[in-house]
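Residue-level listing of the chains:
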Amino acid sequence: MKEILPEGGVVRKLWIGEAAKYRDHLLRLDAQSRRNRFSGGVSDQFIRNYVELASSLDTVVHGFFIGGTMRGAAELRPLGASSPREAEAAFSVEQPWQSHGVGSALLRRTLLAARNRGFCLLHMACLADNRRMQQLARKFDAELSFDFETVIGEVESSRPTPLSLMREVMSDSHGFATAMLDLQSRMLRA
Ligand SMILES: CC(C)(COP(=O)(O)OP(=O)(O)OC[C@H]1O[C@@H](n2cnc3c(N)ncnc32)[C@H](O)[C@@H]1OP(=O)(O)O)[C@@H](O)C(=O)NCCC(=O)NCCS
């Protein structure tokens, strides 16, 4: 399916060694988006530690890049041995790029990755007043149940098929080529 993204933007997986791009993206979030992303106000140091930890875990991060800068992210993290078929997902898009379809593209890509890893249930935690995330989750048939000030959206992920695995491989090879072209053009400019 063709993704509708802001002009010049691409969604691709983050490669090993690119954690700083993720950290800088999260640090650039405005106060409200940061609160929504982390279900509360957090410090810059918290974000630095968070990204360091995320990089050491079995986490898949997709990024939305424009002009080589990461402006959006989707994180998929397995819940661990106690719930091997479940994972947690979290999303962030910098304010100027919100409401342009980036969150939808990131969620679509994350669902594909979840499906191909055999996850049946994807947890998304967001504050109860975060209408945009709730709308986004509803677009993908999330079922929402309320719990204190947070909403937990649970999306059933379908089983992997040869086609779904192929779609992820194709997206990754396209993302790799884009990353290389971007690196090359920045080296030429330097
Ligand atoms: C939540 C977030 C990831 C959504 O990303 P986005 O790029 O803004 O989302 P999209 O443009 O794909 O829009 C998704 C849906 O949200 C809804 N939406 C978009 N803008 C909206 C707005 N201003 N108010 C309410 N709903 C809105 C629409 O239903 C839209 O679907 P549609 O365009 O098909 O109608 C992004 O806004 C964000 O990073 N917010 C701050 C961090 C956060 O809240 N993270 C979630 C916690 S895990």
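Residues numbered from 1 in each chain as written. Predicted model: local features only at pLDDT ≥ 70, side-chain atom pairs only at ≥ 80, totals over all residues. Heavy atoms only, no water.

(A) Representation of the side chain of Ser 33 within the structure. Among the secondary structure elements, Ser 33 is positioned in helix H2 (residues 31–38). On the basis of relative accessible area, Ser 33 is assigned to the buried category, the value being 13%. Ignoring sequence-local partners within four residues, the contact set of Ser 33 consists of Val 93 and Gln 98. (Helix = DSSP H or I, 4+ residues; strand = E, 2+ residues; numbered from the N terminus. Buried < 20%, exposed > 50% of the residue type's maximum accessible area, 1.4 Å probe, protein only. Contact = heavy atoms within 4.5 Å.)

(B) Broad picture of the pairing of strand S2 (residues 60–66). For S2, the buried fraction is high: seven of the seven residues fall into the buried class. Both faces of S2 are covered, namely the face carrying Val 60, His 62, Phe 64 and Ile 66 and the face carrying Val 61, Gly 63 and Phe 65. Note that strand S1 (residues 9–13) and S2 share five bridges and pair antiparallel. If you follow Lys 13 over to S2, its bridge partner there is His 62. Of the strand pairs in this sheet, S2 and strand S3 (residues 69–78) are connected by seven bridges, and their pairing is antiparallel. Residue pairing for S3: His 62 is matched across the bridge by Ala 74. Between S2 and the antiparallel strand that follows it, S3, lie two residues; Gly 67 among them carries a positive phi value of about 55°. (Pairing = 2+ DSSP bridges.)

(C) Examining the site of the ligand more closely. Near the ligand, the surroundings consist of 21 residues, among which Val 93, Ser 99, Gly 103, Ser 104 and Asn 130 are the closest. Gly 101 has a polar backbone atom sitting 2.8 Å from an oxygen atom of the ligand. Between Ser 104 and the ligand, the recorded distance is 2.5 Å, taken from a side-chain N or O atom to an oxygen atom. Protein chains bury 77% of the 930 Å² of accessible surface belonging to the ligand in isolation. For the shell around the ligand, the per-class residue count stands at seven nonpolar, eleven polar and three charged. (Near = heavy atom within 4 Å. Polar contact = N/O pair within 3.5 Å; in protein donor to acceptor, adjacent residues only side chain to side chain. Areas by Shrake-Rupley, 256 points an atom, 1.4 Å probe, with all protein chains shown as cover. Nonpolar A, V, L, I, M, F, W, Y, C, P; charged D, E, K, R; others polar.)

(D) Fine view of the packing of aromatic side chains. With the rule as written, the count across this model stands at three aromatic pairs. Between Phe 38 and Phe 46, the ring centres sit 5.7 Å apart and the planes meet at 85°, which makes this aromatic pair edge-to-face. On the accessibility criterion, Phe 46 (37% relative accessible area) is partly exposed. Judged by centre distance (5.2 Å) and plane angle (85°), the rings of Phe 38 and Tyr 50 are edge-to-face. Taken together, the residues span a long stretch of sequence, with Phe 38 in helix H2 and Tyr 50 in helix H3 (residues 44–56) at a distance of twelve residues. Look at Phe 38 and you get buried, because its relative accessible area is 14%. On the basis of relative accessibility, which here comes to 16%, the residue Tyr 50 falls in the buried class. Of the aromatic side chains, those joined through ring pairs into one cluster are Phe 38, Phe 46 and Tyr 50. (Phe/Tyr/Trp six-rings, centres within 6.5 Å; stacked < 30°, edge-to-face > 60°.)

(E) Just unusual backbone geometry, in detail. Positive phi outside glycine occurs at Ser 39, with the angle close to 55°. Mapped onto the elements of the fold, Ser 39 is located in the loop between H2 and H3. Classification of Ser 39 as partly exposed rests on a relative accessible area of 32%. Of note, Ser 99 is a non-glycine position whose phi angle comes to about 65°, a positive value. Tracing the sequence through the fold places Ser 99 in the loop between strand S4 (86–93) and helix H4 (102–116).

These figures come from the coordinates and say nothing about function on their own.
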